[in-house]
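# Notes for the structure review
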Amino acid sequence: MVAINGILLVVVILNDSLVEKNGGDTSGSWDRCEVLRLLHKAQVCPWCSVLFLADPGNSSKDYDNQTIMTALQSWDPDYTSPSLGTAHCASCVGVFGNIDQIAENILQQVSTSGYQPSTFFVRVQLPLGMIVRQSILLRWLKDQCPNYPVTTIDIKSLLRKLVNRAISSASNLTSDPESPFTMDLVLGHGESESDYQKWMPTTGGRNPRGRGNARPFKGGKDVVLNLLSSVTSDQLTEVGLYPPPPVNSPCSVESVTFSQRSIFVGGRYTKHRRDISQTPFSVGGVSLSATSVSEIIGPALVKSCHAERFNFVPSGREDMDVQMLGNGRPFYIEIVNPKVLHLSEMDLKEVENQIGTKQGVQAHRLTLIDPEATRMIKEGEEHKTKSYVCLVWCQNTLSPQTLGKLADYKEGLVVQQRCPIRVLHRRANLVRPKQIHRLEVQPVQDHWALVHLTTEAGTYVKEFIHGDCGRSQPSFADLIGCSADILELDVEKVDLEWPPTQ
Ligand SMILES: [Zn+2]
């Protein structure tokens, strides 16, 4: 009963597909039986024959050898598979007879890859020789049977479904188009790969992209198919490709590449040194920092996930000589192509411990986060306030009167900041108003003070202190009425709730 349902389904779908491909004309202007006999004569296998008549691969999942044969015999009751002996189908160059071996090869490679997927998604790249042969066969069928309506066949979709099914039934993996684990399967077939070079000389033997005519041309799919359209049927007959004959060796796996979707880890970092930059910092190939925050944290996570590489994205930045104190600066790391997808709290704690404190950089609250949450980092960079402490030298002693005047700005002020001289090479020379929310001065000695600031995102703190040749107005120097310079700067707080709790 199941088999009968399967048969009916295939036949109905084939008829539907043909209605579409035939522009709605199903009045019998072409004879499927005749086309099927031509395909048999060209030694095309039953799976390919069905594709040349319609396209069940896009519509039906209930296909197998039996349903395919029954569908073909519904058009030609005398139909049998062509007897190929040790040769292989002239169209798919044997791939449909080789599905189980291909699946086995892939699974063997998965088992030694280090990935531990539970689902998978397969992408297939067909050999060029196979694609060229199918194009020639379509043209040949049209020559033999002028009303033959099919202009393309989709071997890739059907092949992908068959490979999916073979992998699923030979393992505990489930095929899932949303799977984070992708298998890129490249099929190769040396024997047919140079077919097109047989007819290339008939187009003048020229490399269409070059001037020479001596070297054999090796082109991509589009170039070759385009050239094929200018080759005559007689020319193809001359080189024995009209129709293409069966092949001696079957199509095989040239390569399989695995990749897994990125995972994201959020956290905060502190930095207690003034010779470590946030990301690698070099000029003319010479590194100007001992190391960087990203080079300390990123590789530890890459190692723990057996990943390929990482992308480090902080919320804002501090200069190399600025310490990052308090509860640290928010960041996230994209871990690209990880072999391990699930990091437990304990795993992440272990990474924090490995990073430790030896280099003055520490990772805190490492958390696996949703990719969507990464947007908050950018928002934090653009909108959240930051708190700083600066060690400032003042030309004059800070008198009680001066300190009293500064107390008026405890609740903040607005500074007009023209783009600092030191970043003019990369930012527009514009004046931007910046809100300072808090300004508190703590005298240390006669000429020295600690200045605590809470500022709007994007405020240039060093420039606010010394004035940057009048480009920041008013500056701290303006407020105290003499020159001032900043000796040390530390970030005390970046005001962003991060990382998000899952
Ligand atoms: Zn075939």
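First, a word on what this report is: a plain description of the structure on this page.

Rules used in this analysis
- Residues numbered from 1 in each chain as written.
- Predicted model: local features only at pLDDT ≥ 70, side-chain atom pairs only at ≥ 80, totals over all residues.
- Helix = DSSP H or I, 4+ residues; strand = E, 2+ residues; numbered from the N terminus.
- Buried ≥ 20, exposed ≤ 12 C-beta atoms within 10 Å, placed from the backbone.
- Contact = placed C-beta atoms within 7 Å.
- Pairing = 2+ DSSP bridges.
- Axes fitted to C-alpha atoms, helices over the stretch in contact; angles between N-to-C directions.
- Parallel < 35°, antiparallel > 145°, perpendicular 65-115°, else oblique.
- Left-handed = near helix turned anticlockwise from the far one by under 90°.
- Nonpolar A, V, L, I, M, F, W, Y, C, P; charged D, E, K, R; others polar.
- Core = buried A, V, L, I, M, F, W, Y, C linked by C-beta atoms within 7 Å.
- Arc of directions from axis to C-beta.

Moving on, we get to the overall build of the protein. Tallying secondary structure elements over the protein gives 17 helices and 18 strands in all. Split into buried and exposed, the 502 residues of the protein put 33% on the buried side. Excluding contacts between residues fewer than 6 apart, the proportion of contacts in the protein whose partners are at least 24 apart in sequence is 77%.

Turning our attention to the pairing of strand 5 (residues 263–271). Across the 9 residues that make up strand 5, a large majority, 7, are buried. Where strand 5 lies against strand 11 (residues 323–336), 8 bridges are found, and the strand directions are antiparallel. Within strand 11, the position partnered with Gly-266 by the bridge is Tyr-332. In this sheet, strand 12 (residues 361–369) lies alongside strand 5 in antiparallel orientation, the contact comprising 7 bridges. Looking across to strand 12, one finds that Tyr-269 is bridged to Ala-363.

It is worth spelling out the packing of helix 12 (residues 293–305) against helix 13 (residues 345–355) at this point. At a minimum axis separation of 10 Å, helix 12 and helix 13 run at an interaxial angle of 135 degrees. Between helix 12 and helix 13, the angle falls in the class oblique. As for how helix 12 packs across helix 13, the hand of that crossing is right-handed. Where helix 12 abuts helix 13, its residues Ile-296, Ile-297, Ala-300, Leu-301 and Ser-304 lie against Asp-347, Val-351, Gln-354 and Ile-355. Looking at side-chain class alone, the contact of helix 12 with helix 13 contains 6 nonpolar, 2 polar and 1 charged residues.

Bringing the nonpolar core into the picture now. Within the largest apolar cluster, 61 residues are counted, with the highest numbers of intra-cluster contacts made by Val-44, Cys-48, Phe-52 and Cys-92. By residue number, the principal contributor to this core is helix 6 (residues 128–144), which donates 7 residues. Residues Tyr-332, Ile-377, Leu-453 and Ile-480 belong to the second largest nonpolar core, which totals 50 residues.

Our next topic: unusual backbone geometry. Residue Pro-474 is bonded to the preceding Gln-473 through a cis peptide linkage, with omega at -10 degrees. Its place among the elements puts Pro-474 in the loop between strand 17 (472–473) and helix 17 (476–480). The peptide bond linking Trp-498 to Pro-499 adopts the cis configuration, its omega dihedral lying at -5 degrees. Mapped onto the elements, Pro-499 comes out in the segment after strand 18 (484–494). Backbone geometry at Gln-43 places phi at a positive 60 degrees, although glycine is not the residue there. Inspection of the secondary structure puts Gln-43 in the loop between helix 2 (32–41) and helix 3 (46–53). Look at Arg-365: it is not a glycine, yet its phi comes out positive at around 55 degrees. Within the fold, Arg-365 resides in strand 12.

Once that is clear, we can look at the sheet that holds strand 4 (residues 252–260). Taken in spatial order, the 4 strands of this open sheet run 2-1-3-4, and their pairing is mixed. Of all the strands in the sheet, just strand 2 (174–175) and strand 4 have a single pairing partner and so form its edges. By the bridge criterion, 5 bridges tie strand 1 (residues 119–125) to strand 3 (residues 181–188) in an arrangement that is parallel. Directly across from Gln-125, in strand 3, lies its bridge partner Val-186.

Before going further, it helps to examine the environment of Ile-480. Inspection of the secondary structure puts Ile-480 in helix 17. For Ile-480, a count of 21 C-beta atoms within 10 Å corresponds to the buried category. Remark: the alpha-carbon pair of Ile-480 and Thr-402, spanning 78 residues in sequence, is separated by 6.1 Å. Once residues lying within four places of it in the same chain are set aside, the contact partners of Ile-480 are Cys-394, Leu-398, Thr-402 and Leu-406.

Moving on, we get to the packing of helix 3 against helix 4 (residues 65–75). Closest axis-to-axis distance for the helix 3/helix 4 pair is 10 Å, and the angle between their directions is 55 degrees. Here helix 3 is positioned oblique relative to helix 4, judged by the angle of their axes. For the pair helix 3 and helix 4, the crossing hand works out as left-handed. Contacts between helix 3 and helix 4 involve Pro-46, Trp-47, Ser-49 and Val-50 from the former and Ile-68, Met-69, Ala-71 and Leu-72 from the latter. Split into classes, the residues belonging to the contact of helix 3 with helix 4 amount to 7 nonpolar, 1 polar and no charged.

Our next topic: helix 4. Three or more residues of helix 4 are buried, namely Thr-67, Ile-68, Ala-71 and Leu-72. The arc that holds the buried residues of helix 4, viewed along the axis, is 135 degrees, so those residues lie on one side. Summarising the geometry of helix 4, the exposed residues directed more than 90 degrees from the buried face are Asn-65 and Gln-66.

The sheet contact formed by strand 10 (residues 309–314) and strand 11 spans 6 bridges and is antiparallel. Bridge assignment links Asn-311 to a residue of strand 11, and that residue is Glu-334.

What follows covers the environment of Pro-474. With 14 C-beta atoms packed within 10 Å, Pro-474 lands in the partly exposed category. Sequence separation between Pro-474 and Val-414 is 60 residues, and the spatial gap between their C-alpha atoms is 8.2 Å. What Pro-474 contacts, discounting residues up to four positions off in sequence, is Val-415 and Leu-479.

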